[in-house]
Structures are given as C-alpha cells and as structure tokens.
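Survey of secondary and tertiary structure
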Amino acid sequence: MGLIIAANWKMHKSASEAETFCRELRRREKELQGVEVLVCPPFTALAAAAEVLAGSSIKLGAQNMFWEDKGAFTGEISPLMLKDFGVSHVIIGHSERRHILGEDDAAIRRKLEAALRHGLTPLLCIGEKEEERDQGETGAVLERQLRAALEGFEPGAFKELVVAYEPVWAIGTGRAASPADADNAAVLVRRLVEQLWGSEAASAVRVQYGGSVNAGNIGGFAALPSIDGALVGGASLEVDSFISLILAAREAAGC
Ligand code: PGA
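To keep things clear, this report deals only with the structure shown in the data block. What you see is a predicted model, and the numbers here were worked out from it, not measured in a lab.

**Thoughts on the overall build of the protein chain**
Regarding its fold elements, the protein chain presents eleven helices and eight strands. Relative to the globule expectation of 18 Å for 255 residues, the C-alpha radius of gyration of the protein chain, 17 Å, shows essentially globular dimensions. Projected onto its principal axes, the C-alpha coordinates of the protein chain cover approximately 45 × 45 × 35 Å. Element-wise, carbon and sulfur atoms account for 50% of the exposed surface of the protein chain, whose accessible area totals about 11200 Å².

Laid out in structure tokens, this is it:
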C-alpha cells in the first residue's frame, strides 16, 4: 500500500502564502513520485491552492467540515462547498477540534457519515491525552474513539479510509511518539476494523502517524509495515522541510 502524506497547515497561511507554497510544490512535483501527497489549507486558502494544484497529482484536503449540506449553520462549511473546490479528502476529529473546540464523538460520527455520502476520503484522527497514557488507558481511548466513529457502517462502505494516530501529547511539542507506540496503535486500528468489517477492510485501511513528525524522525515510522504515511503539522509549513520529509519517508518505506 502506498504512502499518504498530508500537510495540515492548521490556522496558518493566507491565500497568497498558500498559492506561493503550492506553486513551489507543484514545480517540484516530480520529486514526490510514488507518494500520495495532500495539502490541507485553511478554508480561506482552498480556492488559491485549488487553482494552482489543478491538474497535478497533489491532492487537496480540508481540515474540517460540517455534516449538513446546507442550511442555517452560521460559520460552518458544508461538504458540497468543499467539493466545489475539488477537495477530495477531509480531516475529521483532529484533537485540536476535539479538545479546544469541544467536538465530541457524536459530531465526528456525523461528519464521517457526511464524508461517505459525498465521496470525500476521511482522515479520521484518534489519539490519547498525556494523562490517559500515564494511566495506561491508551488502548481503551483509541478503541472508544474508533468504535464511536466507525461502528455501524457497512463493510465496504468506505472506498478509502485513513486513520491518523496522533497522540495529543506529541502534537506540536517536539516530542514525537516512538515508532513502537505508532505500531501498537496501527495494530489496534486494524484489529478493530477487522472485527467490524473483516480482514479485507483491515488491510485496506491506511494508518498515518502524526505528532511532531519531521524529516529526521519520519524514517522510523515509515519503515514500519503497519504505518502508511504521516499527518504533518509544523514540518509542512515550508516546502523544503515538507519535501525532505516526504523523501525520507519514501526511502524508509522502500517505495
Ligand atoms: P505537528 O502537528 O506535526 O505540528 O505536531 C500534527 C497535527 O496536529 O496534525
């Protein structure tokens, strides 16, 4: 299974900064061969990024969306609005949304349903907080988040599903998880998907690692057969560091 590496810019970059980044990334597109590369700008920069990336192999993702198609939902963005820009992927349940913006498992579930309805590939984020990890609850937390998000969907419902394991304590802290932590999480994801939908679905789901990942440490994750890529925050903000990370991942994965 190929690597999928996504840039999550969070609340960074104006439309013109996004345009400059995407232009440079596109200019260097050949270097990215063999890796599925995805850029997730803020909503306000989607149009600029879409225009530059149109016709390239670099895909466009959103960082969030609402679950309804339209209506009286002030401040929200619908899946249809995203599709209008050629968005193909959407991050759902990022820990900053869960823990800063108060998004709960029920909201995340509805967003997954909406992604499915509209053919958007979800990057479902899961991850434990530091105190949960300290109390030995990592597995239970991941399982609860996964069950709340996925249970009840039919086997084969998702043409593509990406699960990003992002321990909350590793995000933006410079303190990445160990490859062994990521491997344990990926094994848990596949075991649960197998229980829900069978072994074919379990081998089709792709698992990313995210949390202080950079060109220097990605190799340890990408070399694992269980890890299929990364969700990258800080190291995705500059084209050079993002491309270095992609190249290091590809080399470690041997693809
Ligand atoms: P980070 O963010 O790489 O800056 O830790 C990752 C993420 O939150 O997706």
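After presenting the structure, the write-up continues.
**Re the site of the ligand**
The local shell around the ligand holds 13 residues, among which K10, H94, E166, G172 and S212 are the closest. The side chain of N8 places a nitrogen or oxygen atom 3.3 Å from an oxygen atom of the ligand. The separation between an oxygen atom of the ligand and a polar main-chain atom of G234 is 2.8 Å. Expressed as a share of its isolated accessible area of 280 Å², the protein-covered part of the ligand is 95%. Each residue belonging to the shell around the ligand can be placed in one class, and the counts come to four nonpolar, seven polar and two charged.

**Topic: the packing of aromatic side chains**
This model, assessed by the stated rule, comprises eight aromatic pairs. Their ring planes at 40° and their centres at 4.7 Å tell us that F66 and F73 sit as a pair that is tilted. Taken together through their ring pairs, the aromatic side chains of W9, F21 and F242 make up a single cluster. Looking at K13, its charged tip hangs above the ring of W9, at a distance of 5.2 Å from the centre. Over the ring of F153 we find R109, and its NZ or CZ is 4.0 Å from the ring centre.

**Some thoughts on helix α11 (residues 239-253)**
Taking 1.5 Å per residue, 15 residues should reach 21 Å; α11 reaches 21 Å between its end C-alpha atoms and fits that length. When α11 is considered as a whole, its buried residues turn out to be V239, F242, I243, L245, I246 and A249. Buried residues along α11 cover an arc of 155° about the axis, so they all sit on one side. Opposite the packed face of α11, turned more than 90 degrees from it, sit the exposed residues D240 and E251.

Reading the values: the criteria
Residues numbered from 1 in each chain as written. Predicted model: local features only at pLDDT ≥ 70, side-chain atom pairs only at ≥ 80, totals over all residues. Heavy atoms only, no water. Helix = DSSP H or I, 4+ residues; strand = E, 2+ residues; numbered from the N terminus. Rg over C-alpha atoms; globule rule 2.2 N^0.38 Å. Areas by Shrake-Rupley, 256 points an atom, 1.4 Å probe, with all protein chains shown as cover. Near = heavy atom within 4 Å. Polar contact = N/O pair within 3.5 Å; in protein donor to acceptor, adjacent residues only side chain to side chain. Nonpolar A, V, L, I, M, F, W, Y, C, P; charged D, E, K, R; others polar. Phe/Tyr/Trp six-rings, centres within 6.5 Å; stacked < 30°, edge-to-face > 60°. Lys NZ or Arg CZ within 6 Å of the ring centre and 35° of its normal. Expected span 1.5 Å × (residues − 1). Buried < 20%, exposed > 50% of the residue type's maximum accessible area, 1.4 Å probe, protein only. Arc of directions from axis to C-beta.

Just geometry here; none of it tells us what the structure is for.
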